[in-house]
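Coordinate analysis (summary)
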Amino acid sequence: MRFLSLAVALGLLTAACSGNDSTEPTVAAVPSTTVQPTTTTTAAVVTTEARPATAATTSTTTTTTTTQPPPELLGVELVLFAAIDWPLAIAAPHGDSRLFVAHREGRIEVVGAGGEVQEDPFLDLSDRVRANGIEQGLLGLAFHPSYADNGRFYVYFSDENDDTRLAEYTVGSDPAFADPGSYRELMLFDQPTERHNAGMLEFGPDGYLYVAVGDGGDGGHNGQKSDTLFGTILRIDVDGGEPYAVPGDNPFVDGGGAPEVWAYGLRNPWRFSIDAESNSMFIADVGQQDWEEVNVVSLDQGGANFGWAYREGSRCFSHPECEETETVLPVVEYGHSDGCSITGGYVYRGADIPELNGTYFYSDWCTGWIRSFRYEGGAAVDVREWPELDPGQVNTFGVDGFGELYIGTWGGDVWKLVPIRAET
Ligand SMILES: [Ca+2]
């Protein structure tokens with residue numbers, strides 16, 4: 001019943017926040033029901049953590065600035081970073097100053113550090129991509145962890161037959177453009193419908209590619225089948241085999257499910273993200289009827305069953321075997337009085353707002369609110385809403401090559417989350 005009480009607490013908190021214009025991000029409004037008195041609200045957000053770039057590279061005689069705290073954080077805001085129609089995926093190679101934005105109809109645009117959009121796209125797949133309805137298109141984009149050396153990246157898109165494909169491309173001789181002839185297909189999903197195609201791609205700290213595959217809109221039958229690739233998150237090794245290899249420690253390599261499947265019981269995990277620092281995955285699964293949910297699992301927890309379609313959120317959903325089946329329940333859920341379709345985000349690990357280190361942001365496609373929590377001791381803490389952040393209809397979140405957070409909207413805005421600090 002922990003989840004029920006948490007949901008209630010979230011509702012109360014939301015109500016409390018809605019009349020509160022405070023921009024102070026370290027709100028101490030931890031719901032009273034949550035575990036652990038997290039006394040570390042501000043202590044945990046010290047500025048030194050998780051910034052490999054600053055200290056490590058300057059091991060010379062310079063003795064300046066390393067411990068200089070930034071000016072007081074007064075709040076955060078969204079600034080319009082770029083305008084790109086229908087951004088569905090936002091990504092960047094680690095340490096690259098450019099931001100890559102996948103346009104729904106198949107173009108991958110490049111945005112410079114100042115927000116300037118490169119005149120010609122990095123790659124134009126519009127002749128291969130179908131973008132019908134509201135769930136098709138160029139749905140996923142991920143850069144290989146060694147992109148700087150091998151130039152390889154991955155896309156997931158709806159094709160002209162309403163199926164979805166996972167493919168690899170390689171950068172061309174000019175780093176501003178991909179080589180359109182480098183297409184290498186890894187997977188083809190014969191989709192039952194044009195719905196619930198998910199599409200999120202991200203590499204884990206283990207170097208493997210994780211792929212979100214929705215249940216295909218088949219009426220919920222695929223969710224509990226670990227032996228299909230639908231309704232799952234897959235984990236594959238793009239560096240071994242042809243077209244890929246299955247990692248030897250995938251949960252079903254010795255049976256019990258398809259070898260590529262890393263987790264199952266998902267409906268439409270449109271956006272998940274991997275937080276390397278905590279070695280965990282945050283999966284936002286879009287609900288069917290009443291409930292939207294965020295699940296958090298350790299990357300060591302392969303084989304997890306997230307419940308769909310026996311459960312929607314934490315509640316049994318039209319199946320007699322629900323109670324007897326062991327499933328992972330959501331960490332946070334909200335009802336359809338509060339939204340209609342969750343858009344999962346990221347755990348903030350950027351350098352610009354160290355006070356938010358470890359905070360997971362997410363949104364709802366219909367209502368556009370931004371909410372956050374930190375995951376501690378198996379529960380969501382510091383649950384809060386950010387009424388001062390009002391991006392519009394949120395398709396996706398993304399992070400740049402340095403961990404800064406972006407939001408892409410259906411209306412074509414790419415926003416960047418930035419701090420508001422006191423004058424020095
Ligand atoms: Ca679930």
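Residue positions are counted from 1 within each chain, in the order its sequence is given. For this predicted model, a pLDDT threshold of at least 70 governs which residues receive local features, and a threshold of 80 or more governs which side-chain atom pairs are given and counted, while totals over whole chains, interfaces and linings are taken from all residues.

1. Quick look at the overall build of the chain
The following threshold applies: Helix and strand assignments come from DSSP, with helices taken as H or I runs of at least 4 residues and strands as E runs of at least 2, each series counted from the N terminus. Neighbour density around each residue's C-beta defines its exposure: 20 or more other C-beta atoms within 10 Å make it buried, 12 or fewer make it exposed, and counts between make it partly exposed, where C-beta atoms are placed from the backbone. Contacts here follow a simple rule: the backbone-placed C-beta atoms of the two residues must lie within 7 Å.
Within the chain one finds three helices and 27 strands. Within the span of the chain, comprising 424 residues, buried residues form 47% of the whole. Taking the contacts inside the chain whose residues are at least 6 apart along the sequence as the reference set, 56% of them involve residues at least 24 apart.

2. A short note on the sheet that holds strand S24 (residues 379-385)
As a reminder of what qualifies: Strands are labelled as partners when DSSP assigns at least two bridges between them. Only C-alpha atoms enter the line fits that serve as axes; for helices the fit covers just the stretch in contact. Angles between N-to-C directions range over 0 to 180 degrees.
Taking strand neighbours across the sheet as the criterion, the four strands line up as S21-S22-S23-S24 in an open arrangement whose pairing is antiparallel. Two strands in the sheet have a free side with no partner beyond their single neighbour: strand S21 (342-347) and S24. With direction set aside, neighbouring strand axes in the sheet form an average angle of 25°. In this structure, strand S22 (residues 359-364) lies alongside strand S23 (residues 370-376), joined through five bridges in antiparallel fashion. For Tyr 362, the partnering residue across the bridge sits in S23 and is Arg 371.

3. A few points about the sheet that holds strand S9 (residues 178-189)
With antiparallel pairing, four strands are arranged side by side in an open sheet as S6-S7-S8-S9. Both edges of this open sheet fall to strand S6 (138-143) and S9, since each of them pairs with a single strand only. Direction aside, neighbouring strands of the sheet carry axes that sit 25° apart on average. Of the strand pairs in this sheet, strand S7 (residues 152-158) and strand S8 (residues 164-171) are connected by seven bridges, and their pairing is antiparallel. Residue Phe 157 lies in a different strand from S8, and its bridge partner there is Arg 165.

4. Some thoughts on the pairing of S24
By the criterion of burial, S24 is predominantly enclosed, with six of the seven residues buried. Relative to S24, S23 is paired through five bridges, and the arrangement is antiparallel. If you follow Arg 374 over to S24, its bridge partner there is Val 381. Connecting the antiparallel pair S23 and S24 is a turn made up of two residues, with Gly 377 showing a positive phi of about 55°.

5. Some words on the nonpolar core
We count it as follows: Connectivity within a nonpolar core runs through C-beta atoms within 7 Å, and the core itself is a set of buried Ala, Val, Leu, Ile, Met, Phe, Trp, Tyr and Cys residues.
Leu 141, Leu 209, Val 211 and Tyr 406 are the most contacted members of the largest nonpolar core, which totals 108 residues. Not counting chain neighbours up to four residues away, the residues in contact with Leu 141 comprise Ala 89, Ala 91, Phe 100, Ala 102, Ile 108, Phe 153, Val 155 and Leu 201.

6. Observations concerning the environment of Met 281
Take Met 281: it is sitting in strand S15 (residues 280-285). Note: C-alpha distance between Met 281 and Val 347 (66 residues apart in sequence) is 9.6 Å.

7. Notes on the confidence of the model for the chain
We count it as follows: Values of pLDDT, ranging from 0 to 100, describe the predictor's confidence in every residue of the model.
Looking at the chain as a whole, its pLDDT mean stands at 87, while 84% of the residues score no less than 70. Contacts of residues 1-63 to residues separated by more than four positions or lying in other chains number 73 contacts, the stretch itself having pLDDT below 50.

8. Re the environment of Asn 250
Secondary-structure assignment places Asn 250 in the loop between strand S12 (232-236) and strand S13 (261-264). On the basis of neighbour counts, which here come to 21 C-beta atoms within 10 Å, the residue Asn 250 falls in the buried class. The spatial distance from the C-alpha of Asn 250 to the C-alpha of Leu 234 is 9.2 Å, given a sequence separation of 16 residues. If near-sequence neighbours (up to four positions away) are discounted, Asn 250 is found in contact with Arg 235, Pro 259, Trp 262 and Gly 302.

9. With respect to unusual backbone geometry
Here the residue pair Glu 242 and Pro 243 is connected by a cis peptide bond, since its omega of 5° sits within 30 degrees of zero. Looking at the secondary structure, you find Pro 243 in the loop between S12 and S13. At Ala 198, a residue that is not glycine, the phi angle is positive and equals roughly 45°. Position of Ala 198 among the secondary structure elements: in the loop between S9 and strand S10 (201-203). On the basis of neighbour count, Ala 198 is assigned to the buried category, with 30 C-beta atoms found within 10 Å. One non-glycine residue, Asp 382, adopts positive backbone phi at about 50°. As for its position among the elements, Asp 382 is in strand S24.

10. Observations regarding the pairing of S21
With six of six residues buried, S21 is to be regarded as a mostly interior element. Of the strand pairs in this sheet, S21 and S22 are connected by four bridges, and their pairing is antiparallel. Counterpart to Gly 344 in the pairing with S22 is Tyr 362.

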